[in-house]
Amino acid sequence: MTTTSDLPAADLLPFFAYRDQQLVMEGVPLERLAHEHGTPLFVYSKAAMLSALAAYQRGLKGRPHLICYAMKANSSLAILQTLVRAGCGLDIVSGGELERALAAGVEPSKVIFSGVGKTRAEMRQALTAGIGCFNVESRAELDVLNEVAHDMGRRAPVSVRVNPNVDAQTHPYISTGLKGNKFGIAHEDVIDTYVHAAACDGLRVVGIDCHIGSQITQTGPYLDAMDRVLDLVEAIEARGVAIEHIDFGGGLGIDYQGDTPPEADALWSQLLQRMEARGYGDRKIYIEPGRSLVGNAGVCLTEVLYLKPGEHKNFLIVDAAMNDLPRPAMYQAFHRIVPVAQPQTEEQATTWDVVGPVCESGDWLGRDRALSVRAGDLLAVMSAGAYCMSMASNYNTRGRAAEVLVDGTRSTLIRERETPADQFRTERMLPAA
Ligand SMILES: *Cc1c(COP(=O)(O)O)cnc(C)c1O
């Protein structure tokens, strides 16, 4: 007889549980999905995404605001549709993302365009679509945008992304708000830039923007950035340039390894208090969360191919690799790795480095993990909803993984596994010799 008791979800995230020793997302056993669709397989929980979004919506309730999901975190069309249908706008960083955003049905006025290297073609494309705002990152870009819009007989809505020079206290590769990185316009040049922008007939100043980094787990850096941005708003408006909205970017962290970032609603109640105290209580707020909306909604399922115990290290070779899940190789990032079928408690765990088949020593998913596994077992790499599939590559001519969206007890394939033929499609053979 089987029992249906939910076992304690040791180290598991919301919307996951072990039921009858099987890892379940919402109401769907993950083993079933792996058998149905193969591995590596990304699986996302719709409820987890909507619950993460709801925390922001609660935090900003009653205030004019727009939540623009930073779609580079995970730009799969069905993920975009899920968030767009729940009311999100989108933060894009390329013309390709604009096409995806429009395909997913977003209202163009709810699209904002970030990034340091927008091309003229991308600017024209976004102006034609009628996006809500360009977040401009340099004086040179501002002048080019002015020219492009002017030639089209348009006024481009602009925000200047300011570099508030605060330390987000996160990994250096994902810290963006300090002097000395490529993002934003230096604090001391911001006011002149606004005065200049306001005088350009191809531009219409609508807001101000900052984004200080990613995987931020403390409230302090946000409060510091807010103070610096509000100081700037005050100074800019004193020069006669109106700022309709203030965009505080994204960056809120998630629990990868017992991290304890503030909840989005708690963070925003503190930030709103600060805004009110400074007299900006009814200013329109934009935010650009990415990771915190999707990161903990996703897992990557992978099958153990081989056990390779060694004198110095034990390697667990699995069928997912750095091309599927680049964060460990790229940032030495930590993802929890848990068995899909809970092992019997008496089984002895061994310490393994979990590695993929790609021909690179950097191809690892986890180091020194205590797991009790056999070849053929399934593992779930947790917190794989953000910056995994959207960073996946075809290195080693590996097709990108399939993706499934879970909603309660239902599951829907939202991306087919990529075939070698898909990968060759845009290549051209040389003529016969
Ligand atoms: C990447 C990015 C975001 C989202 O960051 P998260 O850490 O995923 O929330 C928001 N704004 C800009 C400009 C970005 O580049």
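For the structure itself, consult the block above.
Residues numbered from 1 in each chain as written. Predicted model: local features only at pLDDT ≥ 70, side-chain atom pairs only at ≥ 80, totals over all residues. Heavy atoms only, no water.

A. Expanded view of the overall build of the chain. Along the backbone of the chain there are twelve helices and 22 strands. Here the chain has a C-alpha radius of gyration of 23 Å; the compact-globule value for 433 residues is 22 Å, and the two agree. Dimensions of the chain, computed from the C-alpha atoms along their principal axes, are close to 75 × 70 × 40 Å. Within the chain, contacts between residues at least 6 apart in sequence are counted, and of these 69% link residues at least 24 apart. Surface summary for the chain: the accessible area is close to 18900 Å², and the carbon and sulfur share equals 50%. Of note, the chain has its 41 positive side-chain charges centred 4 Å away from the centre of its 53 negative side-chain charges. (Helix = DSSP H or I, 4+ residues; strand = E, 2+ residues; numbered from the N terminus. Rg over C-alpha atoms; globule rule 2.2 N^0.38 Å. Contact = heavy atoms within 4.5 Å. Areas by Shrake-Rupley, 256 points an atom, 1.4 Å probe, with all protein chains shown as cover. Lys, Arg positive; Asp, Glu negative; His and termini not counted. Charge placed at Lys NZ, Arg CZ, Asp CG, Glu CD.)

B. The environment of Asp 143, seen in detail. Mapped onto the secondary structure, Asp 143 falls in helix 6 (residues 139–151). Separated by 270 residues in the primary sequence, Asp 143 and Leu 413 place their C-alpha atoms 44 Å from one another. Side-chain polar atoms of Asp 143 contact the side chain of His 196, separated by 2.7 Å. (Polar contact = N/O pair within 3.5 Å; in protein donor to acceptor, adjacent residues only side chain to side chain.)

C. A look at the state of the cysteines. In the structure shown here, the tally under the stated rule is zero disulfides. We note that Cys 68 lacks a disulfide partner, and the nearest cysteine sulfur, in Cys 88, lies 8.1 Å from it. Here Cys 133 is not disulfide-linked; the sulfur of Cys 68 is the nearest cysteine sulfur, at 8.9 Å. (Disulfide = S-S within 2.5 Å.)

D. Looking closely at the site of the ligand. By nearness alone, 14 residues border the ligand, and Lys 72, Ser 214, Glu 288, Arg 291 and Tyr 387 come closest of all. In this structure, Tyr 387 approaches the ligand through a side-chain N or O atom, which is 2.5 Å from an oxygen atom. Alone, the ligand offers 390 Å² of accessible surface; in the complex the protein occludes 94% of this. When the residues that make up the shell around the ligand are grouped by side-chain class, the tally is three nonpolar, six polar and five charged. (Near = heavy atom within 4 Å. Nonpolar A, V, L, I, M, F, W, Y, C, P; charged D, E, K, R; others polar.)

E. Up close: the packing of aromatic side chains. One pass over the full model with this rule turns up three aromatic pairs. Centre to centre, the rings of Phe 248 and Trp 268 are 5.7 Å apart; their planes meet at 55°, and the pair counts as tilted. Linking Phe 248 in the loop between strand 13 (245–247) and helix 9 (264–277) with Trp 268 in helix 9, this pair joins segments that are 20 residues apart in sequence. Lying across the ring of Trp 364, Arg 367 places its NZ or CZ 4.0 Å from the centre. (Phe/Tyr/Trp six-rings, centres within 6.5 Å; stacked < 30°, edge-to-face > 60°. Lys NZ or Arg CZ within 6 Å of the ring centre and 35° of its normal.)

F. Spotlight on the pairing of strand 20 (residues 378–381). Burial along strand 20 is two-sided: Leu 378 and Ala 380 facing one way and Leu 379 and Val 381 facing the other are all buried. Pairing of strand 15 (residues 298–308) with strand 20, which is carried by four bridges, proceeds in the antiparallel orientation. By the bridge assignment for strand 20, Thr 302 is matched with Leu 379. Pairing analysis gives three bridges linking strand 17 (residues 337–339) to strand 20, with the strands arranged antiparallel. Bridging across to strand 20, Val 338 finds its partner in Ala 380. (Buried < 20%, exposed > 50% of the residue type's maximum accessible area, 1.4 Å probe, protein only. Pairing = 2+ DSSP bridges.)

G. Structural detail: the packing of helix 2 (residues 46–60) against helix 3 (residues 77–85). It is the contact of helix 2 with helix 3, at a shortest axis distance of 10 Å, that shows an interaxial angle of 40°. In terms of axis orientation, helix 2 runs oblique to helix 3. Relative to helix 3, helix 2 is oriented so that their crossing is right-handed. Where helix 2 abuts helix 3, its residues Lys 46, Met 49, Leu 50 and Leu 53 lie against Ile 79, Thr 82 and Leu 83. Its residues assigned to classes, the contact of helix 2 with helix 3 comprises five nonpolar, one polar and one charged. (Axes fitted to C-alpha atoms, helices over the stretch in contact; angles between N-to-C directions. Parallel < 35°, antiparallel > 145°, perpendicular 65-115°, else oblique. Left-handed = near helix turned anticlockwise from the far one by under 90°.)

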